[in-house]
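# Structural characterization, general
What follows is each chain in one-letter form.
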Amino acid sequence: MQYFLDTEFNGFGGELISLALVPQYGDQEFYTSLPLPDKVHSWVERNVIPYLRHVPVGVDHEMSREEAAAHIANYLEGDRDPVIVADWPEDIAQFCMLLLTGPGEIAPVGAMRFELMRTPGFSTAANSAVPHNALHDARALRTFCGY
């Protein structure tokens, strides 16, 4: 199954702040926010932080990086061929970096594939119910893809 990915991070190349996976079918969404970095980029402070908690009750789970990696592994556990779809390369990079749990260690995930979807003229934030919220932006990407 395809899972539409979006992340929010602390400026270009910055630390991961939140991550969402929205399945192609169904409503079992994954969303987490991570502890904020000590210094938050000014654009992120204005455009991301105020919307971190704009998710349905029971969906938002703030957790450590290690906990988030374990929860992603658990979330994807039953899918033999997950395809992670993103419209921005940094989202894939942030997702992969989150799976690294220590030197030479990775969260217990199985094989997966990644698809970078080029979407000229489309912006997840511009089409999102809550712009710059990873869950709502991932939902917008899923809708753009016809699901």
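Whatever comes next refers back to the structure up there.
Report on the accompanying structure.

Reading the values: rules and limits
- Residues numbered from 1 in each chain as written.
- Predicted model: local features only at pLDDT ≥ 70, side-chain atom pairs only at ≥ 80, totals over all residues.
- Heavy atoms only, no water.
- Helix = DSSP H or I, 4+ residues; strand = E, 2+ residues; numbered from the N terminus.
- Rg over C-alpha atoms; globule rule 2.2 N^0.38 Å.
- Buried < 20%, exposed > 50% of the residue type's maximum accessible area, 1.4 Å probe, protein only.
- Areas by Shrake-Rupley, 256 points an atom, 1.4 Å probe, with all protein chains shown as cover.
- Lys, Arg positive; Asp, Glu negative; His and termini not counted.
- Charge placed at Lys NZ, Arg CZ, Asp CG, Glu CD.
- Pairing = 2+ DSSP bridges.

Let's shift gears to the overall build of the protein chain. Assigned secondary structure in the protein chain consists of 4 helices and 8 strands. Along the protein chain, from the amino end to the carboxyl end, the secondary structure elements read β-β-β-α-β-α-β-α-β-β-β-α. Relative to the 2.2 N^0.38 estimate, which gives 15 Å for 147 residues, the radius of gyration of the protein chain is 14 Å and therefore close to what a compact globule would have. For the C-alpha atoms alone, the extent of the protein chain along its principal axes is close to 40 × 35 × 30 Å. Among the 147 residues that make up the protein chain, the fraction classed as buried is 48%. Taken as a whole, the protein chain presents about 7800 Å² of accessible surface, with 54% of it coming from carbon and sulfur. Charge-centre separation for the protein chain: the mean point of 9 positive side chains lies 4 Å from the mean point of 20 negative side chains.

For the rest of this paragraph, the subject is the pairing of strand E3 (residues 30-33). The alternating pattern of E3 places Phe30 and Thr32 on one face and Tyr31 and Ser33 on the opposite face, and all of these are buried. Bridge analysis of strand E2 (residues 16-23) against E3 gives 4 bridges, and the strand direction is antiparallel. The residue bridging Ser18 from the neighbouring strand is Ser33, located in E3. Adjacent in sequence and paired antiparallel, E2 and E3 are bridged by 6 residues, among which Gly26 carries a positive phi angle near 90°. Sheet topology note: the E3/strand E4 (residues 61-62) ladder contains 2 bridges and is parallel. Bridge pairing in E4 links Ser33 to Glu62.

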